Amino acid sequence: MSHTSGVRQAQKEKTRRALMDAALRLLEDQSLSSLGLREVTRAVGVAPAAFYRHFRDLSDLGVALVEECLSSLHHMIGAILAGQDGDEERIEATVDAVAEHVRRYPAHIRFIARERHGGVRPVRQAIAAELDRFADEVATAFCPQLPAESWPPEDVRMLAELYVDHMVMTATAFLEAQADHPEAADERRVAATARKQLLLITLGRHHWHDA
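Predicted model only: the values in this text are computed from it and were never measured.

Draft legend 1. The arrangement of the packing of aromatic side chains in detail. This structure, assessed with the given rule, holds three aromatic pairs. Aromatic pair Phe51 and Tyr52: ring centres 5.6 Å apart, planes at 80°, arrangement edge-to-face. Judged by its relative accessible area of 0%, Phe51 is buried. When its relative accessible area of 52% is taken as the criterion, Tyr52 is described as exposed. Centroid distance Phe51 to Phe55: 5.6 Å. Interplanar angle 45°. Geometry classified as tilted.

Shown next, in the form of structure tokens:
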């Protein structure tokens, strides 16, 4: 690659990044379905025609945001589930990790929470696909810990989906606590509730086949 081509590619990547960052900022107060393309390009300082060098439309940009917003979270949780030995340690580490992730990436969590059931179909589908991959990772982490004779794959998958739904719900609760009630007591309340809920899921897991 020539120096000129390298500079051009770097500038293209910089503009793409700027468009995604601007969209994420604008989406703090509105849904993707109400966002205008000209709003995004105006925030970046480029002509509307420049947008199409990076994305087909706003739905395409939304899908790119989904991949970015969820990829780091599901890899992080998968590693926690696989790496902790005891139930209590796993619960504590998972809740702490979700709280920290929300503190670092509040705009990511806000976007996923709003658009998971939003009006842009490709984005809803992308979120569902990413959460499916998240559930696959959690199921893979659980498999060595569950006796195969009493835990068929469909039950392991059901358990994984329950954990994934809980993680999204917990992340949203932390986001609301941090935005509306920034006092540490509110975060502690959310964390305590999340731990109890995970403990309930864990107890159910241990006794699922007793019935």
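On we go.
Draft legend 2. The arrangement of the confidence of the model for the protein in detail. Chain-level statistics for the protein give a pLDDT mean of 89 and a share of 95% at 70 or above. Across the protein, element-level confidence peaks in helix α2 (residues 37-44) with a mean pLDDT of 96 and bottoms out in helix α4 (residues 58-83) with 84.

Draft legend 3. Looking closely at α2. Buried within α2 we find Leu37, Val40 and Thr41. Looking straight down α2, one finds its buried side chains confined to an arc of 90°; they lie on one side. The exposed residues of α2 that point more than 90 degrees off its buried face are Arg38 and Arg42. Following α2 by one or two positions, Gly45 has its phi on the positive side, about 90°.

About the cut-offs
- Residues numbered from 1 in each chain as written.
- Predicted model: local features only at pLDDT ≥ 70, side-chain atom pairs only at ≥ 80, totals over all residues.
- Heavy atoms only, no water.
- Phe/Tyr/Trp six-rings, centres within 6.5 Å; stacked < 30°, edge-to-face > 60°.
- Buried < 20%, exposed > 50% of the residue type's maximum accessible area, 1.4 Å probe, protein only.
- pLDDT = per-residue confidence, 0-100.
- Helix = DSSP H or I, 4+ residues; strand = E, 2+ residues; numbered from the N terminus.
- Arc of directions from axis to C-beta.

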